[in-house]
Amino acid sequence: MSIGHFIDGKRVGGSSERRADVFDPATGRRTGQVELASAADVAGAVDAAERAARAWRDASLAKRTAVLFAFRELVKARRGRLAEVITAEHGKVLADAAGEVQRGLEVIEYACGIPSAVRGGFSENVSTEVDSYSLRQPLGVVAVISPFNFPVMVPLWFVPVAVACGNAVVLKPSEKDPSAALLLAEWFVEAGLPDGVLNVVNGDKEAVDALLDHPGVKAVSFVGSTPVARYVHQRGSLAGKRVQALGGAKNHMVVLPDADLDLAADAAVNAGFGSAGERCMAISALVAVGPVADALVAKIAERMTRLRTGDGRRGCDMGPLVTAAHAAKVRSYVESGVEAGAVPVVDGRDVTPDGEADGFWLGPTLFDHVTPEMSIYTDEIFGPVLSVVRVGSYDEAVDLVNANPYGNGTAIFTNDGGAARRYQHEVEVGMVGINVPIPVPMAYYSFGGWKSSLFGDLHAHGADGVSFFTRGKVVTSRWLDPRHGGVNLGFPTQT
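All residue numbers refer to position in the chain's written sequence, counted from 1. Under the rules for a predicted model, residues below a pLDDT of 70 receive no local features and side-chain atom pairs below 80 are neither given nor counted, while totals for whole chains, interfaces and linings still include all residues. Note that the side-chain values use all heavy atoms of the structure and ignore hydrogens as well as water.

Undergrad: What is the right way to look at the packing of aromatic side chains in this model?
TA: Any pair of aromatic rings gets described here by the distance separating the centres and the angle formed by the planes. Centre distance within 6.5 Å is the pairing criterion for rings of Phe, Tyr and Trp, where only the six-membered ring of Trp is used; planes under 30 degrees apart are then read as stacked, over 60 as edge-to-face, and the remainder as tilted. Per the stated rule, a full pass over the model turns up nine aromatic pairs. Centroid distance Phe71 to Phe188: 3.7 Å. Interplanar angle 10°. Geometry classified as stacked. Residue Phe71 is located in helix H2 (residues 61–77), and its partner Phe188 is located in helix H7 (residues 179–190); the two are separated by 117 residues in the primary sequence. Partly exposed describes any residue whose relative accessible area lies between the buried limit of under 20% and the exposed limit of over 50%, with all areas from a 1.4 Å probe on protein chains only and scaled to the type maximum. A relative accessible area of 1% places Phe188 in the buried class. Consider the rings of Phe468 and Phe469, whose centres lie 5.1 Å apart with planes at 85°: the pair is edge-to-face. Whether a charge lies above a ring is judged from NZ of Lys or CZ of Arg, which has to be within 6 Å of the ring centre and within 35 degrees of the ring normal. Arg242 extends its terminal NZ or CZ atom over the ring of Phe468, reaching a point 6.0 Å from the ring centre. Under the scheme used here, helices are H or I runs from DSSP no shorter than 4 residues and strands are E runs no shorter than 2 residues, and both carry numbers assigned from the N terminus.

Undergrad: Can you help me understand the sheet that holds strand S1 (residues 2–3) in this one?
TA: Either a parallel or an antiparallel arrangement is found when strands of a sheet pair, and the pairing is made through backbone hydrogen bonds. Taking strand neighbours across the sheet as the criterion, the three strands line up as S1-S5-S4 in an open arrangement whose pairing is mixed. In this open sheet, the two edge strands, each paired with only one partner strand, are S1 and strand S4 (19–24). Here, strands pair whenever DSSP counts at least two bridges between them.

Undergrad: Whenever I open this one, the sheet that holds strand S23 (residues 470–478) confuses me. Can you help?
TA: Sheet architecture is open: three strands sit in the order S6-S7-S23, paired in antiparallel fashion. Of all the strands in the sheet, the pair left with one neighbour each is strand S6 (122–127) and S23. Neighbouring strand axes in the sheet, compared pairwise and without regard to direction, differ in orientation by 30° on average. Pairing geometry for S6 and strand S7 (residues 130–138), over three bridges, is antiparallel. The residue of S7 that forms the bridge with Ser123 is Ser132. Every angle, taken between N-to-C directions, lies between 0 and 180 degrees, and every axis is a line fitted to C-alpha atoms, over only the stretch in contact when it is a helix.

Undergrad: Could you clarify how one ought to interpret the environment of Arg422 in this entry?
TA: One can find Arg422 in helix H15 (residues 417–426). Whether two residues are in contact is decided by their heavy atoms, any of which lying within 4.5 Å being enough. Not counting the four nearest positions on each side in its chain, Arg422 is found in contact with Tyr394 and Asp395. Here a polar contact means two N or O atoms within 3.5 Å. Within protein one must be a hydrogen donor candidate and the other an acceptor candidate, and residues neighboring in sequence count only if both atoms are side-chain atoms. For Arg422, the side chain forms a polar contact with the side chain of Glu426, separated by 2.9 Å.

Undergrad: Got a minute to help me understand the pattern of salt bridges in this structure?
TA: Opposite charge on two side chains allows them to pair when their charged atoms are near. Throughout this description, the term salt bridge denotes a Lys or Arg side-chain nitrogen within 4 Å of a carboxyl oxygen of Asp or Glu. Tallied over the entire structure, the rule returns 30 salt bridges. Asp213 serves as the salt-bridge partner of Arg235, at 2.5 Å between the closest nitrogen and oxygen. Of the two residues, Arg235 sits in helix H9 (residues 226–238) while Asp213 sits in helix H8 (residues 205–213), which places them 22 residues apart along the sequence. One salt-bridge network, held together by shared partners, links Lys205, Asp209, Asp213 and Arg235.

Undergrad: Is there a simple way to think about the pairing of strand S12 (residues 242–246) in this case?
TA: Every regular strand shows the same layout, with side chains that alternate between the two sheet faces. With four of five residues buried, S12 lies mostly within the body of the structure. For strand S11 (residues 217–223) and S12, the ladder comprises five bridges, and the chain directions are parallel. Among the inter-strand pairings, Val220 is bridged to a residue of S12, identified as Val243. Crossovers are marked right-handed if the path from the first strand over the helix to the second runs clockwise, as seen with the strands pointing away from the viewer. Of the crossover connections in this fold, the one passing from S11 over H9 to the parallel S12 is right-handed. The pairing of S12 with strand S22 (residues 454–455) spans two bridges and is classified as antiparallel. When the sheet's bridge partners are listed, Leu246 is paired in S22 with Leu454.

Undergrad: Hey, could you run me through the side chain of Lys92 in this one?
TA: Within the fold, Lys92 resides in the loop between helix H3 (79–90) and helix H4 (94–111). At 2.8 Å, the side chain of Lys92 and the backbone oxygen of Asn149 are in polar contact. When neighbours within four sequence positions are excluded, Lys92 is seen to be in contact with Ile86, Thr87, Ala97, Glu100, Asn149, Phe150, Ser275 and Gly312.

Undergrad: Is there a simple way to explain a nonpolar patch on the surface in this structure?
TA: A cluster of nonpolar side chains, contributed by Met442, Tyr444 and Tyr445, occupies part of the molecular surface with about 370 Å² of accessible area. Looking at where Tyr444 falls in the secondary structure, it is placed in the loop between strand S20 (431–434) and strand S21 (450–451). Like-charged residues within 9 Å of one another, or nonpolar side chains (Val, Leu, Ile, Met, Phe, Trp, Tyr) within 5 Å, are grouped into patches, provided each residue has over 30% relative accessible area and no salt bridge. Using the Shrake-Rupley algorithm and a 1.4 Å probe, accessible areas are obtained, with residue cover drawn only from the displayed protein chains.

Here's what the structure looks like:
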């Protein structure tokens, strides 16, 4: 199966002869080939978007919201189909894929309320018979570059808000799982979105660079690893674009001695191994404070023995990793952890999967007695590897979290309200959970981290998303009436 692009309202092939294989991670079999766009292909998509943007920016808010409401109904009715496509190309289990679609739907629903979100302000008589008012207007053409781990949710973080604000979009999904983005584009057109307002170009770095360099692209939204996020931000900014680049993470879950350990153990397993750990909000470092470590590790390990790793279409708890290369990379981190002296309480290399032998398998892995200099702690592994770091006090835990270069998400488990309040105040992380292991905000708040987890000033969706995809304009107006007194060359003052 050949997978092309979606430009100006229809699926099209490109001019490039370069291709990349698309696999079913649970079987290891190639299921298709995706075209990798050339700079000329990207330029064609941007041209289509520029033509469409001229009319779409003038579409009424009523028209835009009607399209978004219709799109919401299509996605809601076909969520099962979308989940199947995610599982077939990414590998996450069907239940997890369905949850991803639901979180994307929440952003569509937020974008349906765009008339309130872009409402300006008005001040009468700021000076004698002079009024001032503010407007928010679209940028024009914007680009969205999304990662493999959430092929539906991450595009939906940005595209509905950008379109609702009156922009046209060029979306470049991951070449590892491109099919879901094409379905979303087709359904948007079915919902009434004019041709060219949403375009999809599949590709790799060549397509990314073309989007970053194209003068017609006014803004870029990116989600991926920190090195690439930094690159996207620097190159896009040098080209004069507005950029929000969400990078990597090393998310800590701090467990205090007074915590409910059963609740904490459940949360650690859910947050550490859901989607095979391929989440930027996954918990990968568990910080056990004081005497709780032995009991907590035992409870986590016991729960891990009940997890079924296998084909996501067979009712398993955890699926494969996305590619053979990524599975090998994560496996190498497990080997490095053993060599560095961490204790492998549960070794995922020994897993017997409920799936075909050639799938990209690695089972859930739990390390104890991890120290901050080990690579399994310092690096974003992006796999089902949970590291337990033991500290003696709350202050040591906070110092450990704040010393980390990432600042995406964190959680604290405690029954002490004072400790929780102090933690949310002191921790240098953008998203904080209190007895909530994955504190992804609802769509009407904004998603994003601090430090090396974000390059740019504005986060995804919510009020920040609207601000990112619009520009502010202030108008000062005087309408003359018969009392106008003629020419006055003096400096204007407020009277």
